[in-house]
Amino acid sequence: MAASEAGSWSTYSSSTSPGRPADPLDAVVTRASPFDSGSDLAAFRRLEAAEHRSRFLSRASLLLDASLDYEVTLRAFADLVVPELATLVIVDVLEEDGSAHRVCAKHACTEEIADLFMRLPVGAEDLPITERALRGGPPELVADLAASPGGDSSAALALLAAGSCLTVPLRARGRTLGAIALLTDRSRPSYTAEDMALAGELAERAALAIDNARLYRAAQRAIEVRDDVLGAVSHDLRNPLGAISMCATVLGAAPITPPARVRELADVIGEAVEGMYRLIGDLVDAASLEAGRLSLERRPEDLMTLVARAMEMLRGAARDGEVEMVIELPERLPPVLADAQRVLQVLWNLLGNAVKFTPAGGRVTTRAAVDGGFVRVAVTDTGVGIPAEDLPRIFHRFWTRPRKGSAPSTGLGLAIARALVEAHGGRVWVESAVGRGSTFHFTLPVAAPEW
Ligand code: ADP
């Protein structure tokens, strides 16, 4: 299929492409050669092929720039490549979490074969192998697929009457974003190094399209997050400010009787101010985490005391929500090497969420046990639970699940808790089932390992 194999490029051009609108420029390729024979003819054919190639590439570029939804773009890209450059094309994409998925498999004639390839495992060490390309490997050319073992894909390859195969990684800004596999059937010539070069150029353009679409999506998401956070922060500030303003009005209309009422108003103001400090603290912590500037003052601490203090801080919320708070710690626990204020913050976040997401009549239990050189703390609630699809994102910064009728929240609590625990050398994880409640676990290092 190289340009030098005269006409092989035009064999698969628009004339064999049912339904594709005629490209006036194709006339350049199909017109009669003004040369009779010999080296002039060969040079003419090379020129034709180069011309065709560059038109093909510019068509691909236009198409790849057309949408910011890269899956739509890659499917249109597959329509362009098949049958011009391949009998079958497969496009696999790596998600940001490292998982790979098949965006499309397109066959020149039958959907049945495309469906077969679509269902094959992505990233398996099977033919056509995108696995190595997905892991950042170089482009590969298999001249004769019939001579190679097919594994799971052998039935699909047989149905395709597979000839040769090209696999090219999709790379942009030094990162692998996916891979493309181009396959021919045996009626077509084998791929050559020139086809590989063309596929490489196409892959570069396709990778750029994916990268741009992802950057665009990330920018959109950042704008949404900014708006959500601004909404949550202004909400969280408006409530305590409203409370302070109300107290100021009452205090301004002196004299106030009985004197205990003054104490009550002062408490309301105190709580409102504490809430605002906490919110500002979360925002400052989030910024410090981002900049890697989180500092800890670690010394041996009694975990029992810290749990009791955190529970005390949340007693009012638990009483209002009619949630019972229980503590089940062994009689003796070794001291942990920790920054007391930061551990309190972790406990306060976990217990606060547990109380918030547990309906009236429920229970929140805090347990602890020694586990190797660590103390493992578990906060279990009998609350609403967390859907399985949310679990991987639950510790992400600014991630929250909006709840009907409840105040917006910043989604910073768990992200900060995780960063604080990890800064102590521990880890944090969650087990949950919708309707059955959640358990958040975290570990802290024992201060005296010989304990
Ligand atoms: P925020 O500080 O806004 O509450 P978090 O990071 O603490 O944010 O929590 C993020 C989200 O995780 C919550 O909005 C909620 O959807 C979910 N979540 C956290 N803890 C629990 C829990 N114990 N039960 C159910 N959902 C929870």
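The structure we're discussing is the one just above.
The rules behind each value
- Residues numbered from 1 in each chain as written.
- Predicted model: local features only at pLDDT ≥ 70, side-chain atom pairs only at ≥ 80, totals over all residues.
- Heavy atoms only, no water.
- Helix = DSSP H or I, 4+ residues; strand = E, 2+ residues; numbered from the N terminus.
- Buried < 20%, exposed > 50% of the residue type's maximum accessible area, 1.4 Å probe, protein only.
- Contact = heavy atoms within 4.5 Å.
- Areas by Shrake-Rupley, 256 points an atom, 1.4 Å probe, with all protein chains shown as cover.
- Axes fitted to C-alpha atoms, helices over the stretch in contact; angles between N-to-C directions.
- Parallel < 35°, antiparallel > 145°, perpendicular 65-115°, else oblique.
- Left-handed = near helix turned anticlockwise from the far one by under 90°.
- Nonpolar A, V, L, I, M, F, W, Y, C, P; charged D, E, K, R; others polar.
- Near = heavy atom within 4 Å.
- Polar contact = N/O pair within 3.5 Å; in protein donor to acceptor, adjacent residues only side chain to side chain.
- Pairing = 2+ DSSP bridges.
- Arc of directions from axis to C-beta.

Participant: Is there a simple way to explain the overall build of the chain in this structure?
Facilitator: Along the chain, the regular secondary structure elements total 13 helices and 12 strands. Expressed as a percentage of its 451 residues, the buried residues of the chain come to 43%. A separation of at least 24 residues holds for 68% of the contacts in the chain among residues at least 6 apart in sequence. Carbon and sulfur atoms provide 56% of the accessible area of the chain, an area that totals close to 22900 Å².

Participant: Please clarify how the packing of helix α4 (residues 70-81) against helix α8 (residues 193-252) should be interpreted in this entry.
Facilitator: Two quantities define a packed helix pair, namely the angle between the axes and the distance from one axis to the other. At their nearest, the axes of α4 and α8 sit 10 Å apart, and the two run at 165° to each other. By the angle class used here, α4 and α8 are roughly antiparallel. Where α4 crosses over α8, the two elements pack in a sense that is right-handed. Where α4 approaches α8, its residues Y70, T73, L74, F77 and V81 are matched on the opposing element by L202, A206, A209, I210, A213, R214 and R217. Residue classes in the contact of α4 with α8 are distributed as 9 nonpolar, 1 polar and 2 charged.

Participant: I keep staring at the environment of L64 and nothing clicks. Help me out?
Facilitator: Within the secondary structure, L64 sits in helix α3 (residues 38-64). Owing to a relative accessible area of 3%, L64 belongs among the buried residues under this scheme. Discounting chain neighbours no more than four positions away, the residues touching L64 are T73, F77, L202, R205, A206 and A209.

Participant: Just checking my understanding: could you explain the side chain of T176 for this structure?
Facilitator: Structurally, the position occupied by T176 is in strand β5 (residues 175-185). On the basis of relative accessibility, which here comes to 16%, the residue T176 falls in the buried class. Excluding residues within four positions of it along the chain, T176 makes contact with L94, A133, L134, G136, L170 and R171.

Participant: Which parts of the structure should I look at to understand the packing of helix α12 (residues 340-356) against helix α13 (residues 413-423)?
Facilitator: For the pair α12 and α13, the least separation of the axes is 9 Å and the interaxial angle reads 145°. In terms of crossing hand, the pair formed by α12 and α13 is left-handed. Within the contact between the two elements, α12 uses R342, Q345, V346, N349, L350 and N353 and α13 uses G413, L414, I416, A417, L420 and V421. Considering only residue class, the contact of α12 with α13 consists of 7 nonpolar, 4 polar and 1 charged.

Participant: What am I meant to see in the site of the ligand here?
Facilitator: Taken together, 20 residues lie near the ligand, and N353, D381, S409, G411 and L414 sit nearest. For the ligand, an oxygen atom lies 2.8 Å from a polar atom in the side chain of N353. One of the side-chain N or O atoms of K356 is found 3.2 Å from an oxygen atom in the ligand. Contact with the protein chains covers 94% of the free accessible surface of the ligand, which is 550 Å². Counting residues per element, the shell around the ligand draws most heavily on α12, which supplies 3 residues. When grouped by side-chain class, the residues that make up the shell around the ligand number 9 nonpolar, 8 polar and 3 charged.

Participant: What is the right way to look at the sheet that holds strand β7 (residues 324-328) in this model?
Facilitator: Each strand in a sheet pairs with another by means of backbone hydrogen bonds, the pair being arranged parallel or else antiparallel. A sheet is described by the order of its strands in space; here 5 strands give the open sequence β7-β9-β10-β12-β11, paired in mixed fashion. Edge strands, defined here as strands with exactly one partner in the open sheet, are β7 and β11 (428-433). Across the sheet, the mean angle from the axis of one strand to that of its neighbour is 15°, orientation sign disregarded. When β11 meets strand β12 (residues 437-445), the two strands line up antiparallel, connected through 6 bridges. Among the inter-strand pairings, E431 is bridged to a residue of β12, identified as T439.

Participant: What is the right way to look at helix α10 (residues 303-313) in this model?
Facilitator: The periodicity of an α-helix, 3.6 residues per turn, causes residues three or four places apart in sequence to face the same way. When α10 is considered as a whole, its buried residues turn out to be L303, L306, V307, A310 and M311. Buried positions in α10, seen along its axis, are confined to an arc of 135° and lie on one side of it.

Participant: Quick question: what am I supposed to make of the pairing of strand β4 (residues 162-172) here?
Facilitator: Burial of β4 is extensive: 10 of the 11 residues sit out of reach of the surface. The sheet contact formed by β4 and β5 spans 9 bridges and is antiparallel. In the sheet register, A162 faces β5, and the bridge partner there is D185. Counting the residues in the hairpin turn of β4 and β5 gives 2 residues, including R173, whose phi is positive at 45°.

Participant: Sorry if this is basic, but what is going on with helix α5 (residues 111-119) here?
Facilitator: Considered for burial, the residues of α5 that qualify are I113, A114 and F117. The arc that holds every buried residue of α5, seen down its axis, measures 100°, which confines them to one face. Exposed and oriented more than 90 degrees from the buried face of α5 are E111, E112 and R119. The inward-facing, buried residues of α5 abut β1 (88-94), β2 (100-107) and α7 (154-160).

Participant: What's the story with the environment of E301 in this structure? I'm lost.
Facilitator: Within the element layout of this structure, E301 appears in strand β6 (residues 299-301). For the pair E301 and P335, spaced 34 residues apart in sequence, the C-alpha separation works out to 5.1 Å. Excluding its chain neighbours within four sequence positions, the residues that come into contact with E301 are L306, P335, V336, A338 and A340.

Participant: What is the right way to look at the environment of H101 in this model?
Facilitator: Locating H101 in the fold gives a position in strand β2. Accessibility expressed as a relative area gives 25% for H101, which makes it partly exposed. Separated by 20 residues in the primary sequence, H101 and P121 have C-alpha atoms spaced 8.8 Å apart.

Participant: Hey, could you run me through the sheet that holds strand β3 (residues 140-142) in this one?
Facilitator: Strand order across the open sheet formed by 5 strands is β2-β1-β5-β4-β3, with antiparallel pairing between neighbours. Each end of this open sheet is capped by a strand with a single partner; those strands are β2 and β3. On average, each strand axis in the sheet is inclined to that of its neighbour by 15°, with strand direction left out of account. Of the pairings in the sheet, the one linking β3 to β4 comprises 3 bridges and is antiparallel in character. Across the sheet, the residue bridging to V142 is C165, located in β4. Running at roughly 35° to β2, α4 makes contact with β1, β2 and β5 of the sheet.

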